[in-house]
Amino acid sequence: MQGLMMDYPLTLRTVLDRANRLFPRRKLSTKIGASMHRYTYADFYDRVSKLANALARLGVQPGDRVATLAWNSYRHLELYFGIPCMGAVCHTLNLRLPPDQLIYIINHAEDKAICVDQSLLPLLEKISDHLKTVETIIVMADAPLQTTLTNAISYEELITGEQADFAWPELDERSAAAMCYTSGTTGNPKGVVYSHRSSYLHAVGACMTDSLGLSQNDIVMPVVPMFHVMAWGIPYAATFLGSEQVFPGPHLQPRDLADLIQNERVSLTAGVPTLWLGLFGLLEQERFDMSSLRVMIVGGSAAPRSMIENYQKKLGLRICHAWGMTETSPLGTVGNLKREVLEMPEDQQYAVRAKQGIPAPGIEVRAVDENGAEVAWDGKTMGELQVRGPWVASSYYNDPRSSASFVDGWFRTGDVVSFDEDGYMQIVDRTKDLVKSGGEWISTVELESVIMGHPGVLEAAVIAVPHAKWQERPLALVVARDKVAPPTKEAIYDHLAPHFAKWQLPDEILFVEAIPKTSVGKFDKKVVREQYKDYTLPE
Ligand code: ADP
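Residues numbered from 1 in each chain as written. Predicted model: local features only at pLDDT ≥ 70, side-chain atom pairs only at ≥ 80, totals over all residues. Heavy atoms only, no water.

Let us look at the packing of aromatic side chains. Inspection of every chain in the model, using the stated rule, returns twelve aromatic pairs. Note on Y200 and F240: the rings are 5.2 Å apart at their centroids and 70 degrees apart in plane angle, and the pair reads as edge-to-face. Taken together, the positions of Y200 in helix α7 (residues 196-207) and F240 in helix α9 (residues 234-241) put the pair 40 residues apart, joining distant regions of the chain. Among the residues examined, Y200 registers a relative accessible area of 14% and is labelled buried. The interplanar angle of 15 degrees and the centroid separation of 4.6 Å between the aromatic rings of W377 and F419 together place this pair among those described as stacked. Here W377 is found in the loop between β17 (364-368) and β18 (383-388), whereas its partner F419 is found in strand β20 (residues 410-419), with 42 residues between them in sequence. Members of the aromatic cluster, each reached through a chain of ring pairs, are Y41, F44, Y80, F81 and Y236. (Phe/Tyr/Trp six-rings, centres within 6.5 Å; stacked < 30°, edge-to-face > 60°. Helix = DSSP H or I, 4+ residues; strand = E, 2+ residues; numbered from the N terminus. Buried < 20%, exposed > 50% of the residue type's maximum accessible area, 1.4 Å probe, protein only.)

The structure is reproduced here in structure tokens:
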């Protein structure tokens, strides 16, 4: 027997319409230089409609890829909706990628047009000769346009004369809405294509109380870039609910973020740990009013326990640790605390909060050993994480590497994890980052997390270096908080000793000026490994 319910298409148009109908006066604010640009969801809707008309006039067809090269801003949000709701595919380009990777991605996706922030135009000017499919460059400029590109037009001029309504097409929910390439820490970028249906369901999933728990009452600030996994889907979730949104533009220094949280009364924000480590340094020294902040969602790489504890104990701010990937839209696991955990002693609660959380409702997980058998959820046994669910990719875009990653309806993440009895997942490492020492594995993530718990340490990255006897041994690179008076090596070893067996300790600790970061602000272990590939460990 069939269910007798409507086959209602799950598309982003519903999300867009709802914000306009129910929350037309709610504000969207963007930091531009020293001032704030503000308008409402009603203004936003008008401009999204004009944009859709303009794209249609330019000849953009259903399924065409229209790229964005932009910071987080109201215009980027317009593109997030205008492009997919008129039937095209919003392809977010990572503005921190090296030119050759940008060229590769744009040509691989066969982008027809690129919408670029004026400040990022020089980037495009440099590579424009290599772009094979791009017909139009749409420049999001606040001032008159100046460029060497002959196919460039101004975004504002483009939309200005258009109608503020659009005959939105009836889209198939399975049609592509957006695409994003992995940032390449694991080799060449691979394209992931989100559908309307997956984006809609991901937004619903993100809004759930026991997930990221957004509300129409929130003032949401996605600090995670809109080119990094659709800013973790937060702009779609926030628009669905009618939450007010704050966009930091390119202003991501600790002081910018503290000012924005304080002045805009931000209640929910999200970003990678390195951002919040930086912000904590400032908040320790200077008073800002952070009382509006309800939760900070942290993911993308492991949030050190010390950071979660410091924010809570010293500032009364809650960090919610989450795990995800470009391939999972990215919501995978979220670190909300079960009642059973809240009944544990404080120390154990923090240990759970430092894990990456339990699977979000809708996401299925398993950790498997090398024979493909599921490992026990005992908090110890490690396995490779595999996931499936309605917002998990089923293949990469035109990429032969798909067959290695998508097997029997599961996505192989390449992350090594353990699950405890309560279902809390801990990322032990990425498969290729683990230190394989004499047949045993050492987790670089755990070492980093504890080293960063030393009060004199700002950042730490641990890598495997080749070793004649043990095959690989860990080397720790440490950035001191105070470079003039760094902690001693011995102090760091003393700090590590209670948490690790002796053979798990790094063979050497080196103090460095900075640790190279990836295009999305993670420690770039690929670059670090390259730098130290010939390093000889002390005897
Ligand atoms: P890239 O692979 O280019 O870094 P992604 O943003 O898709 O791009 O990264 C996903 C990876 O980031 C995961 O496979 C995992 O290794 C890591 N990751 C994400 N969130 C966390 C977290 N909370 N803790 C530890 N690692 C994380």
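By nearness alone, 19 residues border the ligand, and S183, A322, T326, D415 and R430 come closest of all. Here an oxygen atom of the ligand and a side-chain polar atom of H228 are 2.8 Å apart. Within the backbone of T326, a nitrogen or oxygen atom sits 2.7 Å from an oxygen atom of the ligand. Relative to its unbound accessible surface of 570 Å², the ligand loses 96% to contact with the protein. Every element with two or more residues in the shell around the ligand is listed here: β14 (319-324) and β21 (425-430). In terms of residue count, β14 provides more of the shell around the ligand than any other element does, four residues in total. (Near = heavy atom within 4 Å. Polar contact = N/O pair within 3.5 Å; in protein donor to acceptor, adjacent residues only side chain to side chain. Areas by Shrake-Rupley, 256 points an atom, 1.4 Å probe, with all protein chains shown as cover.)

According to the stated counting rule, one finds 29 salt bridges in the structure shown. Between D347 and R305 there is a salt bridge; the shortest N-O distance is 2.6 Å. A residue pair is termed long-range when its members are at least 10 positions apart, and D347 in helix α14 (residues 346-353) and R305 in helix α12 (residues 305-315) qualify at 42 residues. According to the relative accessible area criterion, R305 is partly exposed, its value standing at 23%. One network of salt bridges, in which partners are shared, links R305, E309, K313, E346 and D347. (Salt bridge = Lys/Arg side-chain N within 4 Å of Asp/Glu carboxyl O.)

Let us look at the environment of R294. Structurally, R294 is set in the loop between α11 (273-285) and β13 (295-298). Once the C-alpha coordinates of R294 and V417 are considered, the two residues, 123 residues apart in sequence, prove to be 29 Å apart. When neighbours within four sequence positions are excluded, R294 is seen to be in contact with G213, L214, D218, S267, L268 and R318. A distance of 2.9 Å separates the side chain of R294 from the backbone oxygen of G213, its partner in a polar contact. (Contact = heavy atoms within 4.5 Å.)

Before going further, it helps to examine the pairing of β18. When you tally the buried positions in β18, you get five out of six residues, the bulk of the element. Pairing analysis gives five bridges linking β17 to β18, with the strands arranged antiparallel. Bridging across to β18, R366 finds its partner in Q386. Bridge count between β18 and β20: four bridges; the pairing is antiparallel. Bridge assignment links E384 to a residue of β20, and that residue is V416. (Pairing = 2+ DSSP bridges.)

You can read the domains of the chain as domain 1 (11-208) and domain 2 (432-531). The C-alpha-based centres of domain 1 and domain 2 are spaced at 39 Å. (Domains from an automatic or database assignment.)

F81, I114, I137, W276 and Y311 are the most contacted members of the largest nonpolar core, which has 182 residues in total. Here the element with the most residues in this core is helix α2 (residues 41-58); it accounts for eight residues. Ignoring anything within four residues of it in the chain, the contact list for I114 reads A67, L69, L93, I106, L124, L131, V134, T136, I137 and I138. (Core = buried A, V, L, I, M, F, W, Y, C linked by side-chain atoms within 4.5 Å.)

Time to look at the environment of A167. By the secondary structure assignment, A167 is in the loop between α6 (155-160) and β8 (176-181). Separated by 118 residues in sequence, A167 and S49 place their C-alpha atoms 8.7 Å apart.

Attention now goes to the sheet that holds strand β16 (residues 358-359). The strand order across the open sheet built from nine strands is β2-β1-β11-β10-β12-β13-β14-β15-β16, with neighbouring strands paired in mixed fashion. Each edge of the open sheet carries a strand with a single partner, namely β2 (35-40) and β16. Sheet topology note: the strand β1 (residues 27-32)/β2 ladder contains six bridges and is antiparallel. Of the residues in β2, the one forming a bridge with S29 is R38. Its contacts with the sheet place α12 against β13 and β14, and it is angled at close to 150 degrees to β14. (Axes fitted to C-alpha atoms, helices over the stretch in contact; angles between N-to-C directions.)

Now for the environment of T328. In this structure, T328 sits in the loop between β14 and β15 (331-334). Taking the relative accessible area as the measure of exposure, T328 reaches 1% and is therefore buried. With 99 residues separating them in the primary sequence, T328 and V229 have C-alpha atoms 8.8 Å apart. Each residue touching T328, except ones within four places of it in the same chain, is listed here: H202, W323, V387, W391, V392 and F411. Of note is the side chain of T328, whose polar atom sits 2.7 Å from the backbone oxygen of P330.

Attention now moves to the side chain of S73. With respect to the helices and strands, the residue S73 is situated in the loop between β3 (65-69) and α3 (74-85). Contacts of S73, omitting those with residues within four sequence positions, involve T30, M226 and F247.

Here we take up the state of the cysteines. Taken as a whole and judged by the stated rule, the model has zero disulfides. Looking at C115, it has no disulfide partner, and the nearest cysteine sulfur is the one in C90, 8.0 Å off. In this structure C180 is a free cysteine whose sulfur lies 9.6 Å from that of C90, the closest cysteine sulfur available. Of the residues examined, C180 reaches a relative accessible area of 1% and is grouped as buried. (Disulfide = S-S within 2.5 Å.)

With that settled, consider α9. Buried residues dominate α9, accounting for seven of its eight residues. Taken as a whole, α9 has its buried residues at I234, P235, Y236, A237, A238, T239 and F240.

Before going further, it helps to examine α12. Of all the positions in α12, only S306, M307, I308, E309 and Y311 are classed as buried. Check the buried side of α12 and you find it contacts α11, β13, β14, α14 and α16 (444-451). The first or second residue beyond α12 is G316, which carries a positive phi of 70 degrees.

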